[in-house]
Amino acid sequence: MTTLIIEDEKPAARLLQRKLTKLNIEVGVMLHSVEESIEWFSRNEHPDLIFLDIQLSDGLSFEIFEKIDIKSAVIFTTAYDEYALKAFKLNSVDYLLKPIDEDDLEAAVLKFKDRLPKQEMLNLDFEQIKKMLSNPFEKKYKKRFTVKIGQYLKVISTDEIECFFSENKGTYIHTFDNRNYLIESTLEVLEQELDPAEFYRISRKFIIPLKAIKEIVVYSNSRLKLILPTYKDEEVVVSREKVSDFKIWIG
């Protein structure tokens, strides 16, 4: 079975590729934009299965289908909410809600293998889907946080944040003015709320904005250590399994 991933966030594409490898599915090609995908499909034999992100950096992925008569089965990957996903249910298309759960991924692959021929999966009304995925349902990333300080509330914009970190079962914001604020969230939730172009979770303990990285130092066990402007409580280290995707992210 030939498989292709179309996903504009390269770390997310690499992560999906690794999950598919665990299911013994080899990904032959990864594409990252509408333009790149149209060019590739016009010159190459179409794969059996495509994992397709809806919102790419240069537009909705449906634009690919408007230019190319795709001959592949499609499983959508999306960060849209459950209401918007009614569009996919109406069109008998399988989808995976980000962050992609490995069990859901395996179930979708089995569904493709066992029950859905390509022709059925491509019987889509893209105009209807685009209408249901119009502006009200587009992914909007968090731009500010409200923290409580005594009897007062303080609003902190993401531009002020040097890093997020977890400590003693709490999650904190560390700002560029060298202050820490406890927030009612988890790093897992923040991963989905923050713009992945600006923020990256480098380990179980830290989420870092790109603009806060002053220096990157080669560290032990194939890891990387980040030097931040003011955070000095402990070493900020990119975990070994995250290093490859981190390098793609900063590039």
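Residues numbered from 1 in each chain as written. Predicted model: local features only at pLDDT ≥ 70, side-chain atom pairs only at ≥ 80, totals over all residues. Heavy atoms only, no water.

J.: What is the right way to look at the overall build of the chain in this model?
T.: Of regular secondary structure, the chain possesses nine helices and 17 strands. Evaluated residue by residue, the chain yields a buried proportion of 45% over its 251 residues. Taking contacts inside the chain between residues at least 6 apart in sequence as the whole, the part at least 24 apart equals 55%. Summing over all exposed atoms, the chain offers an accessible surface of approximately 13900 Å²; the carbon and sulfur share of this is 46%. (Helix = DSSP H or I, 4+ residues; strand = E, 2+ residues; numbered from the N terminus. Buried < 20%, exposed > 50% of the residue type's maximum accessible area, 1.4 Å probe, protein only. Contact = heavy atoms within 4.5 Å. Areas by Shrake-Rupley, 256 points an atom, 1.4 Å probe, with all protein chains shown as cover.)

J.: Help me understand the packing of helix H1 (residues 10-22) against helix H5 (residues 102-114) in this model?
T.: The relative placement of two packed helices comes down to the angle between their axes together with the axis-to-axis distance. Axis separation between H1 and H5 bottoms out at 10 Å; the angle between their running directions is 65°. Judged by the sense of rotation from one axis to the other, the crossing of H1 with H5 is right-handed. Touching Leu16, Lys19, Leu20 and Lys22 of H1 are Glu102, Leu105 and Val109, all from H5. Looking at the contact of H1 with H5 residue by residue, the class counts come to four nonpolar, no polar and three charged. (Axes fitted to C-alpha atoms, helices over the stretch in contact; angles between N-to-C directions. Left-handed = near helix turned anticlockwise from the far one by under 90°. Nonpolar A, V, L, I, M, F, W, Y, C, P; charged D, E, K, R; others polar.)

J.: Explain the nonpolar core to me, please; I cannot follow it from the model alone.
T.: What tends to happen in soluble globular proteins is that the nonpolar side chains get buried as a cluster. In this structure, Ile6, Phe41, Leu52 and Ile64 are the most contacted members of the largest nonpolar core, which totals 19 residues. For this core, the secondary structure elements donating two or more residues are strand S1 (3-6), helix H2 (34-43), strand S3 (49-53), helix H3 (62-67) and strand S6 (73-78). Once residues lying within four places of it in the same chain are set aside, the contact partners of Ile6 are Leu31, Ser37, Phe41, Ile50, Phe51, Leu52, Asp53, Leu56 and Ile64. In terms of nonpolar packing, the next biggest core, distinct from the first, is built from 17 residues, Tyr200, Ile202, Ile208 and Ile213 among them. (Core = buried A, V, L, I, M, F, W, Y, C linked by side-chain atoms within 4.5 Å.)

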